[in-house]
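Breakdown of the fold
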Amino acid sequence: MLGNQASLKRNGIQDYVSLRTTAAIIFAYTVFMAWFFISTDNITFIAWRGLFSGLAMKVFTLAALIAIMIHVRIGLWQVLTDYVKASGLRAIIQYVLNIIAFGYVAVGLFVLWGV
C-alpha cells in the first residue's frame, strides 16, 4: 500500500535524496573554496573580506551551512539508530547533538552576515 508522500515523517528515499543533495552542495562549496585558496597569491584580510562581502557568496555560504546541518542531522540519526539501542538515551544524545548543529549554523549566520 502506498503512503502519503506529503507527510512529515521521513522515509528512505527522502533521506537518500537529501543526503545526496546536501553532499553536492558541500562538495561544490569545498571545490570553490579550494579554488580560491589555490588561485589567490596573497590571502589577506582584505581579500577574505572581499570574497565574503558579496551577496552571492553569502547565499552560497548560507546554503552550505544549512546543507551541513541537514547532512549531519540525517547522518547522526542513522548512526545513533544503529549503535545506540536504548531509545531514551538515543533521544537525549540526538537532541543534544542537534542543538549543537543548530548552534553552529546560528554562529555561522552571525559571522557571515556581520561582514
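Keep in mind it's a predicted model, so treat the numbers as computed, not measured. (Residues numbered from 1 in each chain as written. Predicted model: local features only at pLDDT ≥ 70, side-chain atom pairs only at ≥ 80, totals over all residues. Heavy atoms only, no water.)

Side note on the packing of aromatic side chains
Applying the stated rule across the entire model yields 7 aromatic pairs. With a centroid separation of 5.2 Å and 65° between ring planes, the pair formed by tyrosine 29 and phenylalanine 60 is classed as edge-to-face. Of the two residues, tyrosine 29 is situated in helix 1 (residues 12-39) and phenylalanine 60 in helix 3 (residues 55-83); the sequence distance between them amounts to 31 residues. Take phenylalanine 60: its relative accessible area is 25%, and that puts it in the partly exposed class. The interplanar angle of 25° and the centroid separation of 5.7 Å between the aromatic rings of phenylalanine 37 and tryptophan 48 together place this pair among those described as stacked. Of this pair, phenylalanine 37 sits in helix 1 while tryptophan 48 sits in helix 2 (residues 45-53), placing them 11 residues apart in sequence. (Phe/Tyr/Trp six-rings, centres within 6.5 Å; stacked < 30°, edge-to-face > 60°. Helix = DSSP H or I, 4+ residues; strand = E, 2+ residues; numbered from the N terminus. Buried < 20%, exposed > 50% of the residue type's maximum accessible area, 1.4 Å probe, protein only.)

Remarks on the environment of alanine 28
With respect to the helices and strands, the residue alanine 28 is situated in helix 1. What makes alanine 28 partly exposed here is its relative accessible area of 34%. Measuring from C-alpha to C-alpha, the distance between alanine 28 and isoleucine 99 comes to 26 Å, with 71 residues separating the pair along the chain.

Overview of the UniProt feature "transmembrane region" (unreviewed entry) in the chain
Residues given the UniProt feature "transmembrane region" (unreviewed entry) here are residues 17-38, 59-80 and 92-113. With 100% helix and 0% strand, residues 59-80 has its two end C-alpha atoms placed 31 Å apart. Between the end C-alpha atoms of residues 92-113 the distance is 32 Å, and the span holds 100% helix and 0% strand. (UniProt positions renumbered as here; feature names shortened; annotations may be inferred.)

Quick word on the confidence of the model for the chain
As a note on interpretation, predicted positions should not be read in detail where pLDDT is low. Looking at the chain as a whole, the pLDDT averages 89, with 90% of positions reaching at least 70. Ranking the helices and strands of the chain by mean pLDDT puts helix 1 first, with 95, and helix 2 last, with 91. (pLDDT = per-residue confidence, 0-100.)

Let's talk about the nonpolar core
If you look at the biggest cluster of nonpolar residues, it comprises 8 residues: Tyr29, Met33, Phe36, Leu51, Phe52, Met57, Ala64 and Leu112. For this core, the secondary structure elements donating two or more residues are helix 1, helix 2 and helix 3. Take this core: its biggest share by element is 3 residues, from helix 1. Setting aside anything within four residues of it in sequence, one finds alanine 64 in contact with Ile25 and Tyr29. (Core = buried A, V, L, I, M, F, W, Y, C linked by side-chain atoms within 4.5 Å. Contact = heavy atoms within 4.5 Å.)

As for the packing of helix 2 against helix 3
Close contact between helix 2 and helix 3 brings their axes to 5 Å; oriented N to C, the two are set at 80°. Looking at the two axes, helix 2 sits roughly perpendicular to helix 3. For the pair formed by helix 2 and helix 3, the contact residues are Leu51, Phe52 and Ser53 on the first element and Leu55, Met57, Lys58 and Thr61 on the second. Tallied by class, the residues present in the contact of helix 2 with helix 3 amount to 4 nonpolar, 2 polar and 1 charged. (Axes fitted to C-alpha atoms, helices over the stretch in contact; angles between N-to-C directions. Parallel < 35°, antiparallel > 145°, perpendicular 65-115°, else oblique. Nonpolar A, V, L, I, M, F, W, Y, C, P; charged D, E, K, R; others polar.)

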